[in-house]
Amino acid sequence: MFSEEERKAFGAAMDAELNNRLKMMRKRQSYFKEIAKGYESFEEFVKAQEEKFEILGIELYEEESYISLRIQLDYTDYETYHIIKGDNGHLTVSDIIWWQDLYCANSVMNIQTGKSAEEEDISKCF
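Along each chain, the written sequence defines residue order, and numbers are assigned to residues from 1. Reporting of local features is limited, given that this is a predicted model, to residues whose pLDDT is at least 70; pairs of side-chain atoms are given and counted only at 80 or more, and all residues count toward the totals for whole chains, interfaces and linings. Water and hydrogen atoms play no part in the side-chain values, which are based on all heavy atoms of the structure.

Caption draft 1: Inspection of the pattern of salt bridges at higher detail. The term salt bridge refers to a side-chain nitrogen of Lys or Arg lying within 4 Å of a carboxyl oxygen of Asp or Glu. One pass over the structure, following the stated rule, counts six salt bridges. Asp 77 is paired through a salt bridge with Arg 21; the nearest N and O atoms lie 4.0 Å apart. Here Arg 21 lies in helix α1 (residues 4-36) and Asp 77 lies in the loop between β2 (67-72) and β3 (78-85), a separation of 56 residues in the sequence. Burial status follows relative accessibility: with a 1.4 Å probe on protein chains alone, a residue under 20% of its type maximum counts as buried, one over 50% as exposed, and anything between as partly exposed. The class for Asp 77 is buried, based on a relative accessible area of 19%. Classification of Arg 21 as buried rests on a relative accessible area of 12%. Here Asp 121 and Lys 124 are joined by a salt bridge, their closest N and O atoms 3.9 Å apart. Each of Arg 21, Arg 28, Asp 77 and Glu 79 takes part in one network of salt bridges that share partners. A run of H or I in DSSP becomes a helix once it reaches four residues, and a run of E becomes a strand once it reaches two; helices and strands are each numbered from the N terminus.

Rendered as structure tokens:
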């Protein structure tokens, strides 16, 4: 069994790792937002960006109400960002992502809060 001190150290290390991941996720989201804000339709975005993302190894999927951008970070870790329609008539990026969490589970998370989220919230949170 682990001692209380070991459990606390493990918890602190996991918290630090999550904070580091969240910082990078927010940077990626910001990068994708800069690209998306210049478009008003999914079709326009896909036509202009699909090949660029393909060159970078980012998979682009057209879903029913958003576009998914999937990044394979290593053998198992991935993050999927979602291009959605914003309130101003332009595209933006949801705060909700799919990812392989720190415990190797497929999860949905709000990267602004660091809390679990629901897939239905993708098009509502930005």
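There is more to say after this.
Caption draft 2: Structural detail: the nonpolar core. In terms of nonpolar packing, the biggest core is built from 23 residues, with Phe 45 and Ile 83 touching the most fellow members. The element best represented in this core is α1, accounting for five residues. Working rule for contacts: check all heavy atoms of both residues, and any pair within 4.5 Å makes them a contact. Ignoring any residue separated from it by four or fewer positions in sequence, one finds Ile 83 in contact with Ala 36, Phe 42, Phe 45, Tyr 66, Ile 67, Leu 69, Leu 91, Thr 92 and Val 93. Only buried Ala, Val, Leu, Ile, Met, Phe, Trp, Tyr and Cys residues count toward a nonpolar core, and they belong to the same one when joined by side-chain atoms within 4.5 Å.

Caption draft 3: Local environment of the layout of surface pockets. Cavities and pockets were defined on a 1 Å grid built over protein atoms only: a cavity is a set of grid points that admits a 1.4 Å probe from which the probe cannot escape, a pocket is an open set flanked by protein on both sides within 12 Å along at least five of seven lines, and lining residues are those with an atom within 4 Å of any such point. Grid points are joined across faces, edges and corners, and a volume is the space filled by probe spheres set on the points. In this structure, the largest pocket encloses a volume near 160 Å³. Residue assignment for the lining of the largest pocket shows that the elements contributing at least two residues are β6 (106-110) and β7 (115-116). With three residues, the single largest contributor to the lining of the largest pocket is β6. Note on residue categories: nonpolar means Ala, Val, Leu, Ile, Met, Phe, Trp, Tyr, Cys or Pro, charged means Asp, Glu, Lys or Arg, and polar means any other residue, Gly included. Residue classes in the lining of the largest pocket are distributed as six nonpolar, three polar and two charged.

Caption draft 4: Molecular detail of the pairing of β2. Between any two strands, pairing holds if DSSP finds at least two bridges. In the sheet, strand β1 (residues 58-62) pairs with β2 via five bridges, with the strands oriented antiparallel. From the neighbouring strand, Tyr 61 faces β2, where its bridge partner is Ser 68. Taking the residues that link successive antiparallel strands as the turn, the β1-β2 hairpin has four residues. With six bridges joining them, β2 and β3 adopt antiparallel strand pairing. Within β3, the position partnered with Ile 67 by the bridge is Ile 83. Linking β2 to β3, which pair antiparallel, is a turn of five residues.

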